[in-house]
Each structure stands twice: as C-alpha cells, then as structure tokens.
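# Architecture and fold: a report
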Amino acid sequence: MGEKIRLDRFLADMGKGSRSQVKEAARKGRVRVNGQVERKTDRKVEPGFDQVLFDGCEVRYCTWEYYLLNKPQGVVSATEDGRHRTVVELLGPEGRKGLFPVGRLDIDTEGLLLLTNDGELAHRLLSPKKHVDKQYYALVSGRLARDAVEQAAAGMVLADGTKLLAAKLEILPGQGRRWHGGDGRGGLSAKGRTREEGQEEPCFTEIRLTLQEGKFHQVKRMVEALGGTVVYLKRLSMGPLKLEEGMRPGEYRRLTQEEVLLLKEWTGEG
C-alpha cells in the first residue's frame, strides 16, 4: 500500500482549484472515487490505486511537477516577495505548494524559466559540473571588444576576480547597426530617448551567449567587461528545453513526459 492523502489535497495539487473550491465541487456531486459520488473531501485516497474523477474526467496524481514559463519583465524569480509579483504566482490555481524556480532571472530579464518541486533535478540542472547549456539573446549598447568572442571562449576573469567558465559568444547579423525602435522581441522601445545635436547616435549589437553556469548578473557583467551594456536580455533555452516563438511573456505550460525524460538524461540521471 502506498501513502494516502486527503482527497481535497489530491485535487488541489492537480490544479482543480483551491481546497475550498474542491470542497464546494464535491458538495455539488462533481467528484467520484472508485465510481461513487464523494461529497466529503477529508477522506483519504491512495494515488495510483484509487480512481478519482472530477467532472467525469479521471485525475492522475503526479508527485513531481514541471512547468516551462516565459518569464516577463517586472516579475521576480522567487516563491514569495513583499514588493513584487513572483513567478510562482503567475501559475495561478495550477501552482501547487512546493513549486520553485530552477535558478533565477533578473527582474528585468525575460525568457525561459523552469518551475518544479523536484529538488534533485533542479540541483543537477544548476550544477556547473553537469555542463547544462543556458542560451541568452541580448541587445547590447556600445561596441564590444574586437576579440570579445575569443575572450568569452577562453574563460573570462571579471574585475572583482570572479572566474568564469568558457562561454560561446555569437555576434548576430547587424553588428554596429543603428537602433531606432523596439528589438522586435517584445522588449524595449526607443521612445523617450533623446540626444544632443552633434552627438553620435548610439550603436547597438545583438548577441547570443551560451553559458554552462549562472553566476550573479553574469551576462550583464560579462558584456560590461567586453565594452558594452545590456539593454534587453532574454533566455532562449536551458539544456534541451527551448522557448517557443509564439509563447508570450507570462504564458506557461506543463512539460511533456518526453521533455522531462530528456532533462533527466541530459543531467545524467540513472
């Protein structure tokens, strides 16, 4: 026999509403256990053994949960915060207790963020020893050093002595172009930017940067060391997970079983 849990927790964990909402649904006859209408949600059920139906559809209990989120700007990568909305709150009623972000993205950074309650997998994904690639797109103000690609590949040492692993820096087409508007990725707008007459218009560079670690403000600090300033940053991928083009900031979805298996294989589980 496996561990039994309360029916209201079972359904709430699986995104069927809060416990109070689940209790109300049960009172209305919307919940069945082993073929029988169950109006009391304090009873215990055994996941994998007892059959639970909600509105006629079977609900299977998952111990571990995995969500891919396109984190928007203005939201913090935390489980709770006194001033800002958190990434966990973006999941709404689907956000069962115990979920947390795997790593962090700065409040002004967008892009792929994994949320889970699987602490072991999260630890492996974040370990530099596992060499899990994390790829970023950045719009950079200023001109990077001529040997920026080589510096990144050699493993940089920042001004404060922080040693970085080798990284892959790609300068995207349009190096040195003049930037007159948004970057086309839902990020910045040039509105409000002014310059004095005779002042040279700022130059912007687009880069793609692939890291295998995640030190504090690493992308921004690397770019500064190479002569530029990050004005827009977005994470595109993490290991085998990639952010879909049509996924808007704030949108999320559960990982497929195949994606979970890929992540575990990528990090060497088993």
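Residues numbered from 1 in each chain as written. Predicted model: local features only at pLDDT ≥ 70, side-chain atom pairs only at ≥ 80, totals over all residues. Heavy atoms only, no water.

## Observations concerning the environment of Asp42
- On the secondary structure map, Asp42 appears in the loop between β3 (36-37) and β4 (44-45).
- Using a relative accessible area of 47% as the deciding quantity, one classes Asp42 as partly exposed.
- When the C-alpha positions of Asp42 and Arg9 are compared, they lie 8.8 Å apart, and in sequence the two are 33 residues distant. (Helix = DSSP H or I, 4+ residues; strand = E, 2+ residues; numbered from the N terminus. Buried < 20%, exposed > 50% of the residue type's maximum accessible area, 1.4 Å probe, protein only.)

## Digging into the nonpolar core
- Counting residues in each nonpolar core, the largest one holds 31 residues, and the members touching the most others are Val219 and Met222.
- Secondary structure elements with two or more residues in this core: β7 (66-71), β9 (110-116), β10 (134-141), α4 (148-154), β13 (203-211), α5 (218-225) and β14 (229-238).
- The contacts of Val219, once residues within four sequence positions are left out, are Tyr136, Leu209, Leu211, Val230 and Leu233.
- Counting 16 residues, the second largest nonpolar core, distinct from the first, contains Leu114, Ala122, Met238 and Leu263. (Core = buried A, V, L, I, M, F, W, Y, C linked by side-chain atoms within 4.5 Å. Contact = heavy atoms within 4.5 Å.)

## Observations regarding the pattern of salt bridges
- For the structure shown, the criterion picks out 18 salt bridges.
- Note that Lys215 is salt-bridged to Glu213, the shortest N-O span being 2.6 Å.
- Of the charged contacts, one joins Glu251 and Arg248 as a salt bridge, the two residues approaching to 2.9 Å between their closest N and O atoms.
- Residue Glu251 is classed as partly exposed on the basis of its relative accessible area, which comes to 27%.
- Each of Arg104, Asp106, Asp108 and Lys220 takes part in a single network of salt bridges with overlapping partners. (Salt bridge = Lys/Arg side-chain N within 4 Å of Asp/Glu carboxyl O.)

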